[in-house]
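A look at the structure
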Amino acid sequence: MNKGRKLNTTQLECFVSLASTLNFAKTAEQVYLTQPAVTKEIQSLESELSAKLFIRTTRSVSLTDVGRQFLPEANSILNSYYHAKDWIASFHSKSKNTLRIGYSDPHGLPLINKVLGKIKGNFENLIPSFVFDQTDTNLGRLVHGQTDIVVGIKDSKFKDDSIDFKQLRSVGFVVVFPKNHPLVKMAKRKKLTEISQEVLWDYTQVVQIPPYLLKNVFSKGSHILPVNDKLNNIICSFAPEVYALVKAGFGFAFVPEYLALPDKGLIFYPFKETHHAPFGIYYRKESLEAEDSAVSRFLEKAEEVLH
């Protein structure tokens, strides 16, 4: 190794993130650095190790053989560091129980708050904090010890040996309309209790798709929920944007049933052909080593709340 340089966690975080995303811009977003700063950290790490970790071209980024072999070691070093950091923090403040909660939709806060209300009495000094962001970004924070749990629908693309997912229920989707939508009038006239794909097909839709899935979903011409691509549909990233546009009359939308909170400006109907998705909580496996931890209590009470 080169003298005068020292291995640091920022280098390792950039390396582990880039090994996953293979994209400097996405890595910069995940580790909260600029893209040039990420490049500098990677170059510094390669210099420290006297080895190339990535093959970089104008079109792609890929791991070298050395990079692939170093990845498990880098993860192990980071996990050990964050474990020690958490242990030291708890050692110096035994009465303080922080719980950093990642979530992707403000409509999910009432559920989170119910669980927090049930565990508050178990701790002398429980200090919750919230991180509102896309699920994939919050999962990156979880891997790097920047959140304690992430609440939401399971991301089938996410895999990390240090993270577990506790499924709380299987959720379907409902259809949300503005009050004056033609299908609302039709449903009332025919006394429908649910809406089918057939009647929705000719109406514009407000579609919520996280940015990291957008290219993948549309490049394959497939969707989790039905979308008529011949219409001028609107794409959004966050649920609040969806609700705002539906209220403004830009179309109907599909939302997970647990997020269908009462709203004077909206009408909700069950979707007849709904698919179901696992809803639950992501957490670091090591956080359950202490049975009375805030994470273990949250998981326990969340199951009670939803059953």
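Let me begin by describing the structure that accompanies this report. Everything numeric here is computed off the predicted structure, so don't read it as measured data.

**Some thoughts on the overall build of the chain**
Across its full length, the chain holds eleven helices and twelve strands. Split into buried and exposed, the 307 residues of the chain put 43% on the buried side. Counting only contacts in the chain whose residues sit at least 6 apart along the sequence, the fraction spanning at least 24 positions is 72%.

**Some words on the packing of aromatic side chains**
Counted according to the given criterion, the structure contains twelve aromatic pairs. With a centroid separation of 5.2 Å and 45° between ring planes, the pair formed by Phe15 and Phe70 is classed as tilted. Within this pair, whereas Phe15 is found in helix H1 (residues 9-21), its partner Phe70 is found in helix H4 (residues 65-92), the two being separated by 55 residues in sequence. Comparing Phe15 with Phe70, the two get one shared label, buried. Between Phe252 and Phe254 the ring centres are 5.6 Å apart and the planes differ by 90°, which places this aromatic pair in the edge-to-face class.

**Thoughts on helix H5 (residues 109-119)**
Within the span of H5, buried status applies to Leu111, Ile112, Val115, Leu116 and Ile119. Angularly, the buried residues of H5 cover 135° about the axis, an arc narrow enough to put them on a single face. Among the exposed residues of H5, those oriented more than 90 degrees off its buried face are Lys114 and Gly117. As for H5, its buried residues are in contact with strand E3 (97-103), strand E4 (126-132), strand E5 (149-153), strand E12 (277-284) and helix H11 (294-306).

**A closer look at the side chain of Asn228**
Considering the arrangement of structural elements, one finds Asn228 in the loop between helix H9 (211-219) and strand E9 (234-236). We classify Asn228 as buried; its relative accessible area is 9%. Within the structure, the side chain of Asn228 is placed 2.8 Å from the backbone oxygen of Trp201, a separation counted as a polar contact. Aside from chain neighbours lying at most four places away, what touches Asn228 is Trp201 and Asn233.

**Considerations on helix H3 (residues 35-49)**
Helix length check: H3, at 15 residues, gives a terminal C-alpha distance of 21 Å against a target of 21 Å (1.5 Å per residue), a fit within 8%. Ser50 sits one or two positions beyond H3 and adopts a positive phi of about 55°.

**Things to note about unusual backbone geometry**
Of note in this structure, Leu22 is not a glycine but carries a positive phi near 55°. By secondary structure assignment, the location of Leu22 is in the loop between H1 and helix H2 (24-31). Residue Leu22 is classed as partly exposed on the basis of its relative accessible area of 37%. One non-glycine residue, Tyr32, lies in the positive phi region at around 60°. Given the relative accessible area of 43%, Tyr32 is considered partly exposed.

Cut-offs applied
- Residues numbered from 1 in each chain as written.
- Predicted model: local features only at pLDDT ≥ 70, side-chain atom pairs only at ≥ 80, totals over all residues.
- Heavy atoms only, no water.
- Helix = DSSP H or I, 4+ residues; strand = E, 2+ residues; numbered from the N terminus.
- Buried < 20%, exposed > 50% of the residue type's maximum accessible area, 1.4 Å probe, protein only.
- Contact = heavy atoms within 4.5 Å.
- Phe/Tyr/Trp six-rings, centres within 6.5 Å; stacked < 30°, edge-to-face > 60°.
- Arc of directions from axis to C-beta.
- Polar contact = N/O pair within 3.5 Å; in protein donor to acceptor, adjacent residues only side chain to side chain.
- Expected span 1.5 Å × (residues − 1).

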